[in-house]
Amino acid sequence: MSFVEYSDFIQDGDVAIIYLGHDSMMPVKVQQGAQTQTRYGVIRHSTDLIGQRYGSKVTCSKGGWVHVLHPTPELWTVCLPHRTQILYTTDIATITMMLELKPGSIVCESGTGSGSLSHGILRTIAPTGHLHTVEFHQQRAEKVAEEFKEHRVGHLVTVRNQDVCKDGFGVTGVADAVFLDIPSPWEAVGHAKAALKTQGGRLCSFSPCIEQVQRTCEVLTDHGFEEISTMEVLLRVHDVRTVPLPLPDFGPDPSAQTQPETGEEPHPMCSPNPPSITMKTTTPPREMPGHTGYLTFATKPRT
Amino acid sequence: MADDESQYTIKEGDYVVLKRGDIFKAVQIQPRKKVIFEKQWFFLDNAVGHLYSSTFEIVSGGTLQPQKLRGTESSTDAKEAGTDNRNIVDDGKSQKLTRDDIETLKEKGLKGQEIIQQLIKNSSTFRGKTEYAQDKYIKKKKKKYENTVTILKPSCRILAMMYHGREPGKICHLRYDTLAQMLTLANIHAGSKVLVFETCAGLVLGAVMERMGGYGSVIQMYPGGGPVRAGVESFGFPANFHDMLHEFPICHVNSLLAGTLDTTAKDPTAVTDEKQSSMVAEEQQSQSGLEHQGSPEEWLRETNNSDDIGQDQEQKQKEKRKEAKAEEKKVKLEKKRKKLAAAADLLKGRDADGLVIASRFHPCPVLMGLLKFLSPSRPFVVYSQYKEPLIECYTKLKEHGGAVSLRLTDTWLRHYQVLPNRTHPLLLMSGGGGYLLSGTTVTMDGAKPAGSQRAEEPAAKRPKLTHTEG
């Protein structure tokens, strides 16, 4: 198991994702002899997990069953321990494409936060790229570095515990792309520019507030960035439902031709089971995240 | 990544993307090849040797000249501006230059920037406009009169935006952010084995290949006579990327699954010949049945041949040519067979790591047919321009089992204008970028999901509703 390479069977030391049901998952560190409690009962790692195929069904002690999945950055994003607000898959996907990330890319990121985006970046830039990620909160930086190691992507990433606005990314002239998710991104634009390759590169700044975007765009223009473009992407989920639609009864229609010999018409006043049609359709969830953040992209030209 | 400078310079034969404003066009750099872009024609010869992302001016004779000053902002000396538009009257008389005047200026060889200066000078209302309106005016005129073009290195981002802007019909109206979701939801990454079924001109295939960086294998499952991948060319991948690309015709999926697909034939015995020719015939049939896919050139040539009459000498020559062609064809077929065998070998293990579908075909049979090739615990994603076929896929998968975490989604995308005191969403936005069904495979077991297991779709309240509300 690794977050950048699939394997078929669960091994001791892996991180596996227990799929409990729709939108309900938990990560598990697989350890010989360990047990995990779920609402369907206990999972015994030695017998239920180790040696099993990823994707197989595991019966828990109470008789219910779950599926054990191979970790991916997307599954991790929905079940990782939150130490901060995190970026979700919809934004991560957009960032990955608009920053033009691919195997071999050198990327700078700040702040690391809970590492949700970091895992997505690492998956895309492996096996030859590198991520320089800067987090000013010491415990968070340590915790995320530990997770990278557990997820076997430690060799692809350097975690630095410093303030990007003061100290920059710790590298200069190497990055193909820079990502900023900090309270005052405009203060880090200069450092971002320095971190990017002289041949140029892409930058993204994620900010929830439009005032942040405003200031960042001004500073980006001042630093000579081009193709500055701000956008917002929202995920709309369509829940598939089978819905019944009762048909109204307008009573007998005298103008219509009387049906030939139907014999006994059901009494118009009290049809026992009014006709209805059932159909497959989708409904939107009652509530949805209506705003995550504005994504501002820009290109640094060759300097 | 090797940081040699050569990858940043434009070379002959390179696939590049031309850009002006928000308009893109993918072309190949070929000597003395006339390129038409935004109603202007020019030659790209002079771009060779320059750096990517350089901007050129199109001068007379259609030659490119590197632009000297990058981003020379409007040097409007008139710093006068009005406070509002109460005195601006749209009487069509504010511009004193006529169309002909402007044409003459153009013929005189005035640059776009100079023409705009003239327009401003001859506009009676420009000074009365607010500062913001002046900006807007200059921007608008710039768009019209500037004859510059920027040459970019192609990337998935640029090509996806280009196709979406220029020819959305060719890519089933797949919007770039939707493509981004697909690549992420399918966990496309280096070293994996990915199945792609698309009728998006090769854009989706190219996007997958870019994300795999030449590591692993991509198997294009194609319908009809041959794989369509014009869009892949536009990415300008290095040669080694094509080593990971395989192709397999979906018309052989059933026989492959049944274990009856024969790709072992070594020497062209009568049997295999027959088989191959019937295979070819079959493909040609489907080719003529479908829209123009690949190049049915050979087939056309054959029919032309049968139309020819008499003319002895020519007949002989023709026969010779025919023989040569037959030989050529044999070699081609042999090559094709080998390729088929290689792709079949990759599929046989049914251990692919990802599946990406984006086509104009009904996604349901495609998904159900190709899902069989995935290992358990692997993601898949299906794109459709329409929602209903994906509802059908969802329902079918629920009945059939073998997949969890099913989700039907689309994305909403809005761009913003960000300017001091003038920040707002753009007036126009895309109405929709298509729909996605994504999920993860799991092992199949004979037993149907037990009732005890939570259903992802709450049981329809059919009986209850009909009784109580009826």
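Naming follows an unreviewed UniProt entry, where chain B appears as tRNA (adenine(58)-N(1))-methyltransferase non-catalytic subunit TRM6 of Mastacembelus armatus. Quoted straight from UniProt, the Subunit (unreviewed entry) entry for chain B says "Heterotetramer." Taken directly from UniProt, the Subcellular location (unreviewed entry) text for chain B runs: "Nucleus".

Going by an unreviewed UniProt entry, chain A carries the name tRNA (adenine(58)-N(1))-methyltransferase catalytic subunit TRMT61A and comes from Mastacembelus armatus. The UniProt entry for chain A carries this comment under Sequence similarities (unreviewed entry): "Belongs to the class I-like SAM-binding methyltransferase superfamily. TRM61 family."

Enquirer: What is the right way to read the overall build of chain A from this model?
Expert: Regarding its fold elements, chain A presents eight helices and 14 strands. At 27 Å, chain A has a C-alpha radius of gyration far larger than the 19 Å of a compact globule built from 303 residues. Each principal axis of the C-alpha distribution contributes one length, and for chain A these read about 90 × 55 × 30 Å. Pairs at least 24 residues apart make up 65% of the contacts formed inside chain A by residues separated by at least 6 positions. When the accessible area of chain A is evaluated, it comes to approximately 13,500 Å², of which 53% is carbon and sulfur surface.

Enquirer: How should I be thinking about the domain arrangement of chain A in this particular structure?
Expert: Accessible area lost on assembly of the parts is the figure often given for the size of an interface. All names here are of chain A. We note that the domain assignment places domain 1 (15-71) and domain 2 (75-234 + 290-300) within chain A. Using C-alpha coordinates to define each centre, domain 1 is positioned 33 Å away from domain 2. Domain 1 puts eight residues into the contact, and the matching count from domain 2 is six residues. For the pair domain 1 and domain 2, the summed buried area comes to about 600 Å², and 80% of that belongs to carbon and sulfur atoms. On the domain 1 side of the contact with domain 2, Val 15, Met 25 and Pro 27 bury the most area, a combined 58% of that side's loss. One can count one salt bridge joining domain 1 with domain 2. Lys 29 is the salt-bridge partner of Glu 150, the closest N and O atoms lying 3.4 Å from each other. Viewed at the interface, domain 2 and domain 1 are joined by one residue pair in polar contact (both at pLDDT 80 or more). Secondary-structure elements contributing two or more residues to the side of domain 1 that touches domain 2 are strand E1 (15-21) and strand E2 (24-29). The greatest single-element share of the side of domain 1 that touches domain 2, amounting to four residues, is contributed by E2.

Enquirer: Teacher, can you tell me more about the nonpolar core here?
Expert: Most often, soluble globular proteins have nonpolar side chains that are buried together. Ranked by size, the top nonpolar core spans 92 residues in total, and within it Ile 95 of chain A together with Leu 179, Met 182, Val 208, Met 209, Val 218 and Val 356 of chain B carry the most contacts. With seven residues, the single largest contributor to this core is helix H6 (residues 203-212) of chain B. When near neighbours in sequence (up to four residues on either side) are disregarded, Ile 95 of chain A contacts Leu 87, Leu 117, Phe 179, Cys 204, Leu 295 and Phe 297 of chain A. Val 253, Leu 256, Phe 373 and Leu 406 of chain B belong to the second largest nonpolar core, which has 36 residues in total.

Enquirer: Hey, could you run me through the packing of helix H4 (residues 156-166) of chain B against H6 of chain B in this one?
Expert: Helices that pack against each other are described as a pair by the angle of their axes relative to one another and the distance between those axes. All names here are of chain B. Relative to each other, H4 and H6 sit at 170°, their axes nearing to 10 Å. On the basis of their axis angle, the class for H4 and H6 is roughly antiparallel. In the packing of H4 onto H6, the handedness of the crossing is left-handed. From H4, Cys 156, Leu 159, Ala 160 and Tyr 163 reach across to H6, where they touch Leu 203, Ala 207 and Glu 210. In terms of residue class, the contact of H4 with H6 is built from six nonpolar, no polar and one charged.

Enquirer: Please clarify how the sheet that holds strand E5 (residues 55-59) of chain B should be interpreted in this entry.
Expert: Paired through their backbone hydrogen bonds, the strands of a sheet run either parallel or antiparallel. All names here are of chain B. Read from one edge to the other, the open sheet built from five strands follows the order E2-E1-E7-E5-E6, with strand pairing classed as antiparallel. At either end of the open sheet lies a strand with only one pairing partner, and these are strand E2 (23-28) and strand E6 (63-66). Averaged over all pairs of adjacent strands, the angle between strand axes in this sheet comes to 35°, irrespective of strand direction. Judged from the three bridges that link them, E5 and strand E7 (residues 148-152) form a sheet pairing that is antiparallel. Paired with Thr 55 across the two strands is Thr 150, which belongs to E7. Those strands touched by H4 are strand E1 (15-20), E2 and E7, and its axis lies near 110° from that of E2.

Enquirer: Help me understand the environment of Glu 12 of chain B in this model?
Expert: Mapping Glu 12 of chain B onto the fold places it in the segment before E1. A residue is classified by how much of its surface remains accessible, and Glu 12 of chain B, at 54% relative accessible area, is exposed.

Enquirer: What am I meant to see in helix H3 (residues 89-98) of chain A here?
Expert: An α-helix turns once every 3.6 residues. As a result, residues three or four positions apart point the same way. Residue and element names in this part refer to chain A. Among the 10 residues that make up H3, 10 are buried, leaving the element largely enclosed by the rest of the structure. Listing the buried residues of H3 in full gives Thr 89, Thr 90, Asp 91, Ile 92, Ala 93, Thr 94, Ile 95, Thr 96, Met 97 and Met 98. Within two residues after H3, Glu 100 carries a phi angle of roughly 60°, on the positive side.

Enquirer: Explain the packing of helix H5 (residues 176-185) of chain B against H6 of chain B here, please?
Expert: Residues and elements named next belong to chain B. Packing of H5 against H6 brings their axes to within 11 Å, and their N-to-C directions diverge by 50°. The orientation of H5 with respect to H6, classified from their angle, is oblique. Our pair here, H5 against H6, has a crossing hand that is right-handed. Contact residues: Leu 179, Leu 183 and Thr 184 in H5; Leu 203, Val 204, Ala 207, Val 208 and Arg 211 in H6. Tallied by class, the residues present in the contact of H5 with H6 amount to six nonpolar, one polar and one charged.

Enquirer: Help me understand the confidence of the model for chain B, please; the structure alone is not making it clear to me.
Expert: All names here are of chain B. Across chain B, the average pLDDT comes to 83, with 81% of residues at or above 70. When the criterion is pLDDT under 50, residues 267-308 qualifies, and its contacts beyond four places in sequence or with other chains add up to 36 contacts. With pLDDT under 50 throughout, residues 447-456 is counted as low confidence; its partners more than four residues away or in other chains account for 17 contacts.

Rules of the game
Residues numbered from 1 in each chain as written. Chains lettered and ligands numbered in written order. Predicted model: local features only at pLDDT ≥ 70, side-chain atom pairs only at ≥ 80, totals over all residues. Heavy atoms only, no water. UniProt positions renumbered as here; feature names shortened; annotations may be inferred. Helix = DSSP H or I, 4+ residues; strand = E, 2+ residues; numbered from the N terminus. Rg over C-alpha atoms; globule rule 2.2 N^0.38 Å. Contact = heavy atoms within 4.5 Å. Areas by Shrake-Rupley, 256 points an atom, 1.4 Å probe, with all protein chains shown as cover. Domains from an automatic or database assignment. Buried area = accessible area lost by both parts, 1.4 Å probe. Salt bridge = Lys/Arg side-chain N within 4 Å of Asp/Glu carboxyl O. Polar contact = N/O pair within 3.5 Å; in protein donor to acceptor, adjacent residues only side chain to side chain. Core = buried A, V, L, I, M, F, W, Y, C linked by side-chain atoms within 4.5 Å. Buried < 20%, exposed > 50% of the residue type's maximum accessible area, 1.4 Å probe, protein only. Axes fitted to C-alpha atoms, helices over the stretch in contact; angles between N-to-C directions. Parallel < 35°, antiparallel > 145°, perpendicular 65-115°, else oblique. Left-handed = near helix turned anticlockwise from the far one by under 90°. Nonpolar A, V, L, I, M, F, W, Y, C, P; charged D, E, K, R; others polar. Pairing = 2+ DSSP bridges. pLDDT = per-residue confidence, 0-100.

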